[in-house]
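Fold and contact review
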Amino acid sequence: MHTISILTSLYTELSEITGYMWQKGWAELNAGNISIRLTGVSADTLQGLEVSAPIVLQEAVPHLANEFILITGTGRRMRQISQAPEEHTVIVSLDNTGSSYTLYFTSFNTTILPTSELPTHLSCHALLKVTKPNCTSILHTHPPELVSFSHHPAMINEEIINKTLWKMHPETVVAAIKGMGFIPYQIPGNKEIAAATFAKLDTHDIIFWQKHGVFAVSHSLSHAFDVIDVLNKSAIMYLQCKAAGYEPSGLTDFEINELKEVYKDFGKRFV
């Protein structure tokens, strides 16, 4: 195993968060994927690692020219990543035009490939680098209560979904003040869901894929996890009330808007 000192703290965080995801039931089988645009990393930093031959991208990402992206491997379980992140992730190194990439292998396993969602992650990182440069982390996961919540026949659009979750707890308004961008069900991994996600990132940092999961971007993996955790807790509370046989009264529109006004600058520290 190779040790890259600049990645040590990142691997520690990755191990912690993927462990939580597995323990919470957010990551069945090989579900979910993570990528982080690396800062302070160069080819010199990664000297000594095995490198793949160049791989041409179907669609170039010129904004990511010469960038390095740490990404989870295809078929890898979050429980595996939590135990040994170096062995189940790989570093994608874009060339100077963003039209091809090579892989830097952080373990002796040189057969590992990036998640099949790599094109979506790259296109989103390219957008974020321009519009939200501090947002370097992307987390996709399957919180079961939020997914269950999206099966409710009344949860049909973005406005209803966000208002329902906001009303369950003040913390949800504070942590997710812009709410979630909502995408009606699409086949996972297809071009349509990737395009819809890309479009929603202009206005949202959390994208809710109906009957599937959540796609979040943030300045850190921990913060992306935290916001999803808060939203999922609101979904749990809502489902608990419904299971108990009553419709929760929740916060009023006035109370939600009052919270938004008081905490309107809270999220700026994370942009």
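Residues numbered from 1 in each chain as written. Predicted model: local features only at pLDDT ≥ 70, side-chain atom pairs only at ≥ 80, totals over all residues. Heavy atoms only, no water.

One pass over the structure, following the stated rule, counts six aromatic pairs. Note on phenylalanine 149 and tyrosine 238: the rings are 5.5 Å apart at their centroids and 85° apart in plane angle, and the pair reads as edge-to-face. Residue phenylalanine 149 is found in helix H5 (residues 144–149), and its partner tyrosine 238 is found in helix H9 (residues 221–243); the two are separated by 89 residues along the sequence. By the burial criterion, phenylalanine 149 is buried, and tyrosine 238 matches it. Within the aromatic cluster, the residues linked to one another by ring pairs are Tyr20, Trp26 and Phe225. (Phe/Tyr/Trp six-rings, centres within 6.5 Å; stacked < 30°, edge-to-face > 60°. Helix = DSSP H or I, 4+ residues; strand = E, 2+ residues; numbered from the N terminus. Buried < 20%, exposed > 50% of the residue type's maximum accessible area, 1.4 Å probe, protein only.)

Packing of helix H1 (residues 8–23) against H9 leaves a shortest axis separation of 10 Å and a crossing angle of 20°. When the axis of H1 is compared with that of H9, the two are roughly parallel. Note that H1 runs across H9; the crossing there is left-handed. Note on element contacts: H9 touches H1 through Leu221, Ser222 and Phe225, opposite Glu13, Leu14, Ile17, Tyr20 and Met21. Looking at the contact of H1 with H9 residue by residue, the classes come out as six nonpolar, one polar and one charged. (Axes fitted to C-alpha atoms, helices over the stretch in contact; angles between N-to-C directions. Parallel < 35°, antiparallel > 145°, perpendicular 65-115°, else oblique. Left-handed = near helix turned anticlockwise from the far one by under 90°. Contact = heavy atoms within 4.5 Å. Nonpolar A, V, L, I, M, F, W, Y, C, P; charged D, E, K, R; others polar.)

On to the side chain of arginine 37. Looking at where arginine 37 falls in the secondary structure, it is placed in strand E1 (residues 33–38). Relative accessible area serves as the criterion here: at 8%, arginine 37 is assigned to the buried category. Within polar-contact distance, the side chain of arginine 37 engages the backbone oxygen of proline 133 at 2.8 Å. (Polar contact = N/O pair within 3.5 Å; in protein donor to acceptor, adjacent residues only side chain to side chain.)

This part covers the pattern of salt bridges. Applying the stated criterion across every chain yields a total of 10 salt bridges. Residue lysine 129 pairs with glutamate 67 through a salt bridge whose shortest N-O separation is 2.7 Å. Taken together, the residues span a long stretch of sequence, with lysine 129 in helix H4 (residues 118–131) and glutamate 67 in the loop between strand E3 (55–56) and strand E4 (68–72) at a distance of 62 residues. Overall, the relative accessible area of 27% leaves lysine 129 in the partly exposed class. In this structure, lysine 178 engages aspartate 205 in a salt bridge whose closest nitrogen and oxygen atoms are separated by 3.3 Å. In this pair, lysine 178 is assigned in the loop between helix H7 (170–175) and strand E8 (181–183) and aspartate 205 in the loop between helix H8 (191–200) and strand E9 (206–209), connecting sequence segments 27 residues apart. (Salt bridge = Lys/Arg side-chain N within 4 Å of Asp/Glu carboxyl O.)

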